[in-house]
Amino acid sequence: PEITGNILYLRMYDFSQKYSFLALPLFIFMGLMLERAGTVEDMYKAMYLWLGGYRGGLAVCTVLVGTILAACVGVIAASTTMLALVALPSMIKRGYSKSLASGTTAVSGTLGILIPPSIMLVVFGPLANLSVGKLFFGAFIPGFLLAGLYITYITIRSFLQPELAPVVPAEERAIPFGRKIS
């Protein structure tokens, strides 16, 4: 039992001495600050004013906000939770299909596992003796490609099945241009 305790202690000590793990609490802090400040809600409202006039625009807006969150936070749980609180009710209230709305919210929140800076890459790199920078570089293009494919899928499906993703009513989008850009 004592040997097992020593081995466990040495493994945990070695794990805590990795310089790249310093980023973990900072990623979590960033997610909390974005949530508390209401930045995500404001960003989503601004984007749906621009994209709400297009069929499937709110779902595309959700993917874009999820991509931005992934690039800012890196914490999947924070991204998914924030999108579920902000985007999902908005889409369902405006008549979006529940399956499209929940699927879009789920996949947009999980983009954070691939788009740098991702906590998964920060943890995996040192454990596998790989460069975190190289992992970030290798995940950058696939992450944004995946976001682009989600947007393409939503756009095509919304065009083929218009009842899944209706256009936001014009009176709800009737905001002066000056207010849209501020």
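We now turn to the structure provided with this report. (Residues numbered from 1 in each chain as written. Predicted model: local features only at pLDDT ≥ 70, side-chain atom pairs only at ≥ 80, totals over all residues. Heavy atoms only, no water.)

**Points about the overall build of the protein chain**
(1) Moving on: Check the secondary structure of the protein chain and you find 10 helices and zero strands.
(2) Moving on: Counting from the amino terminus, helix and strand elements in the protein chain follow one another as α-α-α-α-α-α-α-α-α-α.
(3) Moving on: By its C-alpha atoms, the protein chain is 70 × 35 × 30 Å across when sized along the principal axes.
(4) Moving on: Counting every position in the protein chain, which comprises 182 residues, the buried fraction comes to 36%.
(5) Moving on: Counting only contacts in the protein chain whose residues sit at least 6 apart along the sequence, the fraction spanning at least 24 positions is 72%.
(6) Moving on: When the accessible surface of the protein chain is totalled, it reaches about 10600 Å², and 71% of it is carbon and sulfur.
(7) Moving on: Charged side chains in the protein chain number 13 positive and 8 negative. The centres of these two groups are separated by 7 Å. (Helix = DSSP H or I, 4+ residues; strand = E, 2+ residues; numbered from the N terminus. Buried < 20%, exposed > 50% of the residue type's maximum accessible area, 1.4 Å probe, protein only. Contact = heavy atoms within 4.5 Å. Areas by Shrake-Rupley, 256 points an atom, 1.4 Å probe, with all protein chains shown as cover. Lys, Arg positive; Asp, Glu negative; His and termini not counted. Charge placed at Lys NZ, Arg CZ, Asp CG, Glu CD.)

**Quick notes on the packing of aromatic side chains**
(1) Moving on: For the coordinates displayed, the defined rule picks out two aromatic pairs.
(2) Moving on: Note on Tyr44 and Tyr48: the rings are 6.1 Å apart at their centroids and 50° apart in plane angle, and the pair reads as tilted. Taken as a pair, Tyr44 and Tyr48 lie in helix α3 (residues 39-51) at a separation of four residues, close to a single helical turn.
(3) Moving on: With relative accessibility at 2%, the residue Tyr44 sits in the buried group.
(4) Moving on: By relative accessible area, Tyr48 is classed as buried at 13%.
(5) Moving on: With 4.8 Å between their ring centres and 65° between their planes, Phe140 and Phe144 make a pair best called edge-to-face. Separated by four residues within a single helix, Phe140 and Phe144 lie in helix α8 (residues 132-160), roughly one turn from each other.
(6) Moving on: Here Phe140 falls in the partly exposed class, since its relative accessible area comes to 45%.
(7) Moving on: The ring of Tyr48 carries the charged tip of Arg94 above its face, separated from the ring centre by 4.6 Å. (Phe/Tyr/Trp six-rings, centres within 6.5 Å; stacked < 30°, edge-to-face > 60°. Lys NZ or Arg CZ within 6 Å of the ring centre and 35° of its normal.)

**Considering unusual backbone geometry**
(1) Moving on: Omega for the bond connecting Pro116 with Pro117 falls within 30 degrees of zero, at 0°, which places this linkage in the cis form.
(2) Moving on: Here Pro117 is to be found in the loop between α6 (98-109) and α7 (119-127).
(3) Moving on: The phi angle at Asn129 is positive, at roughly 55°, despite the residue not being glycine.
(4) Moving on: Of note, Asn129 is situated in the loop between α7 and α8.
(5) Moving on: A relative accessible area of 68% means that Asn129 is categorised as exposed.

**With respect to the environment of Gly112**
(1) Moving on: Tracing the sequence through the fold places Gly112 in the loop between α6 and α7.
(2) Moving on: Residue Gly112 is classed as buried on the basis of its relative accessible area of 0%.
(3) Moving on: As for Gly112 and Val132, which are separated by 20 residues in sequence, their C-alpha atoms are 15 Å apart.
(4) Moving on: Ignoring sequence-local partners within four residues, the contact set of Gly112 consists of Ala70, Gly74, Ile76 and Ser118.

**Describing α6**
(1) Moving on: For α6, spanning 12 residues, the distance from its first C-alpha to its last is 16 Å, which sits close to the expected 16 Å at 1.5 Å a residue.
(2) Moving on: Every buried residue of α6 is listed here: Leu100, Ala101, Thr104, Thr105, Ser108 and Gly109. Each buried residue of α6 sits inside an arc of 150° when the element is viewed along its axis, so together they form one side.
(3) Moving on: On its buried side, α6 packs onto α4 (57-72), α5 (76-93) and α8. (Expected span 1.5 Å × (residues − 1). Arc of directions from axis to C-beta.)

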